[in-house]
There are 2 protein chains.
Amino acid sequence: MTEQNLRALLGPKTSDTAAGRIVRALSERGPLTAADIARMTGLARSTVSTALVDLRLSGLVRDADVGDDAESKAVGRPGTVITLNPEAGTCVGVHLALDEIRAVIADVSHSFIAEQNIALPKDYSPTVAANILKGWIETTYAENGLRLSGLLGIGVSVSAPVSPDGTVNRSSIVPTWAGVNVSEVFGKAFNTLVLVDNESNCSAIAEWMWGGAVGEPDFVLFKVDLGVGGAVVSNGKLMRGVAGGSGEFGHISLDPDGELCRCGNRGCLELMANLQRPLRILSAAHGREFTVEDAVDLANSGDAGAMRLIADLADVAGRGLAIVCSILNPPLVLVSGALARTGNVFLEPLLSSYERHAHLKTRDLPPERKTRFVFGTLLKNDVVLGAVGMVLRHHGRAG
Amino acid sequence: MTEQNLRALLGPKTSDTAAGRIVRALSERGPLTAADIARMTGLARSTVSTALVDLRLSGLVRDADVGDDAESKAVGRPGTVITLNPEAGTCVGVHLALDEIRAVIADVSHSFIAEQNIALPKDYSPTVAANILKGWIETTYAENGLRLSGLLGIGVSVSAPVSPDGTVNRSSIVPTWAGVNVSEVFGKAFNTLVLVDNESNCSAIAEWMWGGAVGEPDFVLFKVDLGVGGAVVSNGKLMRGVAGGSGEFGHISLDPDGELCRCGNRGCLELMANLQRPLRILSAAHGREFTVEDAVDLANSGDAGAMRLIADLADVAGRGLAIVCSILNPPLVLVSGALARTGNVFLEPLLSSYERHAHLKTRDLPPERKTRFVFGTLLKNDVVLGAVGMVLRHHGRAG
C-alpha cells in the first residue's frame with residue numbers, strides 16, 4: 001500500500017536511509033530534479049538514481065505531470081522533475097481566525113485540492129473548531145475521492161504565541177484559549193499528527209516554501225496588517241523561542257508610558273503601527289465603513305489621505321524594524337501583510353524610517369552586506385498555506 | 001611531524017573523516033571522554049576507539065595529565081579523558097582595546113600558556129598593533145619553548161561591528177579603523193589563519209566554551225559595562241548578521257528624539273544604560289575619580305547611593321532586554337559585564353524591569369518555558385579568551 005510505504009519512509013526509523021532522505025526532501029520542497037535532490041540531501045547522484053528506481057517501482061514517486069504546477073518549476077532546469085505520488089498522502093492546513101476557520105487540503109506533491117473559509121461565532125471553543133473541521137474534512141475528502149487513511153497530518157495556525165508543545169499562551173486574540181493545548185484537542189479529534197504554531201510563523205513557512213523567500217536560510221518576516229507580527233528564520237530553521245515567543249515584533253514596547261496593549265504592556269509597536277486606526281479615520285472621513293481592502297485600494301489609486309496614513313504608520317513601523325535589525329542584522333527582510341499590497345506607498349516611508357533609526361546604515365555598507373527587502377508574494381492566504389506547509393516540512397526534516 | 005598532522009586533520013579535506021571529526025571536537029571542546037566524543041561527533045563508539053588508536057600512535061592525542069585542568073572536567077565521568085597533544089599546536093587571542101592590546105596564548109589542549117596587557121597610545125593603527133603583537137609573540141614563544149610553526153591561528157577581537165570578511169564597520173570605538181580589513185592587516189604580518197569578530201561575540205564564545213553557557217545551543221549574552229553589548233547564539237551557531245551587526249543591543253533606539261549617540265542614532269539603549277554616567281556622579285559625590293571596579297566594590301559594600309545608581313541603570317537595561325526577548329524568546333540569558341559582579345544589586349532591578357516590559361511574563365509560564373538568567377563567569381578576561389576560543393572553535397567546526 002502506497003500510503004503505508006510513505007508513512008514508513010517519513011517516520012523516524014528510516015530518516016537516515018537514502019529513500020527516507022529523498023522522500024523527505026520531496027515532501028519539504030515539492031517537485032525536484034534528481035540533481036536538486038542530490039544537492040539537498042547530500043547523497044551521491046548514483047545513490048539518488050538507484051533509490052529512485054525502487055521508489056518509482058513502489059509507486060511513491062513519479063515524474064511530474066506535464067501541465068501541473070510542477071511544470072513551471074521545471075522551466076530552465078535540466079532533467080526530469082520528480083514528485084511524490086499525490087495519491088500517497090494528503091495534509092490539511094487550518095488557520096483559526098477570530099470568527100472563522102480557514103482550511104486547505106494539499107497532497108504530498110504540493111498540489112492544492114480544496115480550500116474553504118468556515119464562518120464561526122467569535123469566542124468559539126477549540127473543541128467546536130475541531131469538530132466543525134472534522135465534518136468539513138470528511139465531506140471534502142469524500143467529494144474529492146480522497147482516503148482519510150492518507151491524511152498525514154494537520155497543521156494548525158493560532159493567532160497567539162504557541163508553546164512548542166502546542167499550548168496557547170496568553171494574549172491570544174481569542175482570550176478564552178489561553179492555556180489550551182491545541183495539539184491535544186485536535187489530536188483527540190483526528191488521531192493523526194497535529195502541529196501547531198502562531199500565524200506569523202506560518203506566514204514565514206509559506207513564504208519560505210512557495211513565496212518570496214524560497215530556500216533562504218536566514219530571513220526575517222515583518223508583517224504589518226491589522227496587527228504587527230513577525231518571524232525569524234536562522235540557519236535554515238524557524239526560531240520558535242523557549243515558550244513560542246520569538247518574532248513578537250508587534251510587542252516591542254516603544255513607550256513604557258504609552259497606551260495599554262491587549263498583551264498587558266504599554267506603548268507596543270502594534271498599537272502605533274497597525275491598520276485599525278487608519279481604517280477608523282478613513283471610515284469617518286468618507287462616511288462609510290472601510291475594510292483593509294478598501295484602504296489598500298484607495299492608497300493604490302493615489303489618494304493623498306490614504307497614502308499619508310500609511311506613510312505615518314510606516315514611519316513608526318520603520319523604528320520597530322530598525323530595532324529588530326539591530327538585534328538580528330538579517331540578509332533579507334520579507335515585508336508581508338496587507339500593506340505590502342500597496343508596494344512603495346508603504347515600502348518607501350518604511351525604509352526611509354528604517355535607515356534613519358538603523359544601527360548599520362544601508363548607505364555605509366557594500367552591496368553584499370546590505371540587508372535586502374522584498375515583499376511577500378502570498379499575501380492573501382499565507383497563513384493557511386503555512387499551516388499545511390508545517391506538515392509537509394515536518395516530514396521533510398530529521399527533527 | 002605532529003604539527004603538520006594536526007594542520008592536515010583540522011583542514012577542510014579531512015573534515016569528514018573520523019580522525020578529522022575527533023580532532024575538531026577536541027579542539028572545540030577541550031579534553032573529553034571517548035563517550036563524549038562519540039556523542040558530539042555522531043560516530044559509533046567503535047569507530048571512535050579505532051581512530052583514537054591511530055591518533056595516539058601519531059602523538060596527536062593523549063590521555064589528559066592528572067593534575068591539569070582536564071582533571072576537574074573528568075570528575076564524575078566514566079572513562080579516561082583524552083586531549084589533543086598540547087605540543088601539536090598553539091593559538092593566540094588578541095583584544096584590541098581603546099588604549100591597550102590584551103593577548104593570550106593557549107595550546108590545543110585548552111591550557112593557557114601566557115597572557116599580557118600591552119599599553120598603547122589611543123588611536124593606534126592596526127599595523128602598529130600587528131607589529132607590536134608580533135614582537136610579543138616571538139619573545140613569548142621563545143621564552144616558553146614554543147615553536148612559531150605551531151601557531152595555528154590568531155583570533156582578534158575589535159570593539160566594533162565587524163563584517164564576516166574582517167572589515168571594521170563604522171561606530172568603532174577607534175574611529176580611524178572604520179573600513180579597515182583587520183584580517184588582511186594581521187594576515188600580512190603573521191602568515192597564519194586570522195579570525196576577527198567584535199568583542200561581545202568574543203565574550204559569548206568564551207562563556208560558551210568555558211564559562212556560564214557551556215554547551216548551550218541557544219542563548220543571548222547581555223553585557224552591561226562602560227557600554228552595552230550583546231550576542232546571539234542560535235541552534236549551536238553564533239549569529240553574526242549579514243554585515244556583522246547582530247547582537248547590537250546597545251544601539252536599540254529607545255527614544256528617537258533622545259541624546260545623540262556615537263553611532264549616529266539618538267536615544268540608544270547604551271546611552272541610558274552604561275556605567276559612565278554613574279561613575280561621573282560617584283566621582284563628584286566622593287571627590288575622587290571612580291573606576292568601574294570602585295563603583296562595583298562600593299555597591300557590593302552596601303552603599304545606598306551606588307546601589308541606587310545601578311538600580312536606575314538596570315531599570316532602563318531591563319526595557320532593552322525585554323525588547324531583545326520579545327524578538328528572540330531565548331531559553332537562557334547570560335548577564336555579563338562589570339555589573340554582573342554586583343550580583344543581585346544589578347540582577348534584581350534588571351529582572352523586575354524585564355518582567356514589567358516583557359511580552360511573555362515569567363509569572364505566566366510553566367518552569368520549562370521560562371527564560372533562565374545566569375551570570376557570566378569569565379567577567380574579567382572574557383573577550384580575549386573568546387578571541388583565542390574563536391580559533392579553537394573554527395577548527396572545531398565544519399564551516
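Preceding this section is the structure that the text describes.
**Side note on the interface of chain B and chain A**
1) Next: Taken together, the 51 residues of chain B in the interface contact 51 residues of chain A.
2) Next: Around 4,000 Å² of area is buried between chain B and chain A when both sides are counted, 57% of it from carbon and sulfur atoms.
3) Next: Interface area lost by chain B to chain A is led by Val242(B), Ile327(B) and His359(B), which between them contribute 19%.
4) Next: Across the contact surface, chain B and chain A share zero salt bridges.
5) Next: Applying the counting rule to chain B against chain A returns 20 residue pairs in polar contact (both at pLDDT 80 or more).
6) Next: Here the side of chain B that touches chain A takes seven residues from helix H12 (residues 304-328) of chain B, the largest share from any one element.
7) Next: Residues that form the side of chain B that touches chain A fall into these classes: 21 nonpolar, 18 polar and 12 charged.

**Section: unusual backbone geometry**
1) Next: If you check the backbone angles, Asn191(A) has positive phi at about 55° while not being a glycine.
2) Next: Locating Asn191(A) in the fold gives a position in the loop between helix H7 (182-190) and strand S8 (193-198).
3) Next: The class of Asn191(A) is exposed, set by a relative accessible area of 74%.
4) Next: Within the chain, Asp123(B) stands out as a residue other than glycine whose phi angle is a positive 65°.
5) Next: Tracing the backbone through its elements, the reader meets Asp123(B) in the loop between strand S6 (112-119) and helix H6 (126-143).
6) Next: Owing to a relative accessible area of 52%, Asp123(B) belongs among the exposed residues under this scheme.

**Describing the packing of helix H10 (residues 276-286) of chain B against helix H11 (residues 292-300) of chain B**
All names here are of chain B.
1) Next: Between H10 and H11, the shortest axis-to-axis distance is 10 Å and the interhelical angle comes to 75°. Considering the angle they form, H10 stands roughly perpendicular to H11. Between H10 and H11, the residues in contact are Leu 279, Leu 282 and His 286 and Val 292, Ala 295 and Leu 298, respectively.
2) Next: Looking at the contact of H10 with H11 residue by residue, the classes come out as five nonpolar, one polar and no charged.

**A look at the packing of helix H3 (residues 34-41) of chain B against helix H4 (residues 45-57) of chain B**
Residue and element names in this part refer to chain B.
1) Next: One can describe the packing of H3 onto H4 by two numbers: an axis separation of 9 Å at closest approach and a directional angle of 115°. In this structure, the crossing between H3 and H4 has a hand that is right-handed. Along the contact surface, H3 presents Ala 34, Ala 35, Ile 37, Ala 38 and Thr 41, while H4 presents Arg 45, Val 48 and Leu 52.

Conventions adopted
- Residues numbered from 1 in each chain as written.
- Chains lettered and ligands numbered in written order.
- Predicted model: local features only at pLDDT ≥ 70, side-chain atom pairs only at ≥ 80, totals over all residues.
- Heavy atoms only, no water.
- Contact = heavy atoms within 4.5 Å.
- Buried area = accessible area lost by both parts, 1.4 Å probe.
- Salt bridge = Lys/Arg side-chain N within 4 Å of Asp/Glu carboxyl O.
- Polar contact = N/O pair within 3.5 Å; in protein donor to acceptor, adjacent residues only side chain to side chain.
- Helix = DSSP H or I, 4+ residues; strand = E, 2+ residues; numbered from the N terminus.
- Nonpolar A, V, L, I, M, F, W, Y, C, P; charged D, E, K, R; others polar.
- Buried < 20%, exposed > 50% of the residue type's maximum accessible area, 1.4 Å probe, protein only.
- Axes fitted to C-alpha atoms, helices over the stretch in contact; angles between N-to-C directions.
- Parallel < 35°, antiparallel > 145°, perpendicular 65-115°, else oblique.
- Left-handed = near helix turned anticlockwise from the far one by under 90°.

That is the geometry; function is a separate question.
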